[in-house]
Amino acid sequence: MAKLGFIGLGNMGGPMARNLLKAGHEVKVFDLSADAIAACVALGAVGVEQAVDAARDVECVVTMLPAGPHVAGVYGGADGLLAAAEKGTLFIDSSTIDVETARSVARDAETAGMVMVDAPVSGGVGGAEGGTLTFMVGGTETGFAQAQPFLDVMGKNIFHAGASGNGQVAKVCNNMLLGISMIATSEAFVLGEKLGLDAQTLFDISSTASGQCWSMTSYCPVPGPVPTSPANNDYAPGFSAGMMLKDLRLAQGAAQSAKASTPLGAMAESLYALMEQSGNDQMDFSGIVKLLKGDL
Ligand code: NAD
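Residues numbered from 1 in each chain as written. Predicted model: local features only at pLDDT ≥ 70, side-chain atom pairs only at ≥ 80, totals over all residues. Heavy atoms only, no water.

1. Brief notes about the overall build of the chain
Counted only if it meets this: Secondary structure elements are defined from DSSP: runs of H or I of at least 4 residues count as helices, runs of E of at least 2 residues count as strands, and each element is numbered from the N terminus. The atom set for the radius of gyration is the C-alpha atoms, and the globule formula is 2.2 Å times the number of residues raised to the power 0.38. For every residue, the accessible area (1.4 Å probe, protein chains only) is compared with the maximum for its type, and the residue is labelled buried under 20%, exposed over 50%, or partly exposed between those bounds. Residue contacts are defined here by distance: any two heavy atoms, one from each residue, within 4.5 Å place the two residues in contact. Surface accessibility in these figures is a Shrake-Rupley result with a 1.4 Å probe; residues are shielded only by whichever protein chains are displayed. Positive charges are assigned to Lys and Arg, negative charges to Asp and Glu, while His and the chain termini are left out of the count. Charge positions are represented by NZ for Lys, CZ for Arg, CG for Asp and CD for Glu.
The helix and strand inventory of the chain stands at 13 helices and nine strands. The C-alpha atoms of the chain give 20 Å as radius of gyration, which agrees with the globular expectation for 296 residues (19 Å, within 12%). Along the first, second and third principal axes, the C-alpha set of the chain runs to 65 × 45 × 35 Å. Residues counted as buried form 49% of the 296 residues belonging to the chain. Excluding contacts between residues fewer than 6 apart, the proportion of contacts in the chain whose partners are at least 24 apart in sequence is 61%. For the chain, the exposed area adds up to about 13,400 Å²; of that, 55% sits on carbon and sulfur atoms. Looking at charge distribution, the chain has the averaged site of its 16 positive side-chain charges lying 1 Å from that of its 29 negative ones.

2. Some words on helix 1 (residues 13–22)
Counting buried residues in helix 1 gives eight out of ten residues, a clear majority hidden from the surface. Every buried residue of helix 1 is accounted for by Gly13, Gly14, Pro15, Met16, Ala17, Asn19, Leu20 and Leu21. A positive backbone phi angle near 100 degrees is found at Gly24, which sits one or two residues after helix 1.

3. Some thoughts on the site of the ligand
Rules: We define proximity as follows: a residue is near a molecule or strand when any one of its heavy atoms falls within 4 Å of that partner. For this analysis, a polar contact is any N or O atom pair within 3.5 Å, provided that within protein one partner can donate a hydrogen and the other can accept it, and provided that sequence-adjacent residues contribute only side-chain to side-chain pairs. Gly is placed with the polar residues, together with every amino acid not listed as nonpolar (Ala, Val, Leu, Ile, Met, Phe, Trp, Tyr, Cys and Pro) or charged (Asp, Glu, Lys and Arg). Start and end points for every domain follow an automatic or database-based domain assignment.
Near the ligand lie 22 residues; those nearest to it are Asn11, Met12, Asp31, Leu65 and Lys246. For the ligand, an oxygen atom lies 2.9 Å from a polar atom in the backbone of Asn11. The side chain of Asp31 places a nitrogen or oxygen atom 2.6 Å from an oxygen atom of the ligand. For the ligand, whose accessible area on its own is 830 Å², the fraction buried by protein is 83%. Looking at the shell around the ligand residue by residue, the class counts come to eleven nonpolar, eight polar and three charged. Each of two domains, domain 1 (3–163) and domain 2 (169–293), supplies a minimum of three residues to the shell around the ligand.

4. Describing the domain arrangement of the chain
Using the following cut-off: Buried area is calculated as the accessible area (1.4 Å probe) missing from two parts once they are joined, with the contributions of both summed.
For the chain, the domain assignment lists domain 1 (3–163) and domain 2 (169–293). Centre-to-centre, using C-alpha coordinates, domain 1 lies 29 Å away from domain 2. Of the residues lining the interface, twelve residues belong to domain 1; the matching set on domain 2 comes to eight residues. Interface of domain 1 and domain 2: buried area, both sides summed, is about 770 Å²; carbon and sulfur atoms make up 68% of it. Per-residue buried area on domain 1 facing domain 2 is highest for Thr96, Val99 and Met136; these three make up 51% of the total on that side.

5. A few points about the environment of Met182
Take Met182: it is sitting in helix 8 (residues 166–194). On the basis of relative accessibility, which here comes to 0%, the residue Met182 falls in the buried class. Discounting chain neighbours no more than four positions away, the residues touching Met182 are Ser215, Tyr219, Pro221, Tyr272, Phe285, Ser286 and Ile288.

This is how it looks when you write it as structure tokens:
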């Protein structure tokens, strides 16, 4: 069993750290929230007072933080993780952050003699709790091989996406596609309804025809056809519209720096920004159907 550090014990990081504990690892935990630390300590973790303390005398540190500036802040500088850890420590950053920050922190880690992978996830809080997350990993073959046993504890599907930052690239590309396909599916249901077509009938036809996609078959944005979808639970998340907006903004930032043309991604970002402006960013992202219907 290994000694690990875990920093960022929120909705995702909390259950991920708990799964590492359940697997028998020794885990030092840190968060800005004392309650989040206490919840892990109750399950056998060692709570520490500063992020750097979680990086000392451990083989691996996992970070699960809100965004790029938090990651750069925690890793960098004279009082950051990279300065505090022993050379050769493995760092796994599972936060969803911009590609540029992921690559620059990984470069700094390498310069400091560390091994680092970016390993953003999909699967949401349910996946974090069940240990069934999908990890998209960017980094060297060695880094991937070292991270895999720990990722296996927290996830089910672990993909090596290539060099540093490529985990984040896979994540933003996938979520841009998801945002667009959810809007497209929603538009189809709104149009069908206005033209007098019952939602279940449209679902039965389209889910076996060429319009079929995950947003329809697994997460249908209208109540009825897919009983487990948030549409049947008043659009409680799930995956919130605010989190989708965050990922679409990251995708647009990445597209700009790569000079890629992503017009539907840009449109999706604008529509999810309207969800935010109307005060509905905590609604599930499939609630975009209500915006399109004029119900928000
Ligand atoms: P969260 O806001 O619930 O948790 C973030 C945690 O980080 C909080 O507990 C906060 O106190 C802590 N934190 C912030 N700054 C810190 C610092 N400097 N030092 C220590 N702790 C600090 O967020 P979350 O839902 O757990 O998401 C974490 C990451 O995972 C985000 O990048 C998010 O985009 C990504 N993600 C979330 C989901 C989801 O469904 N929630 C799904 C996939 C990916």
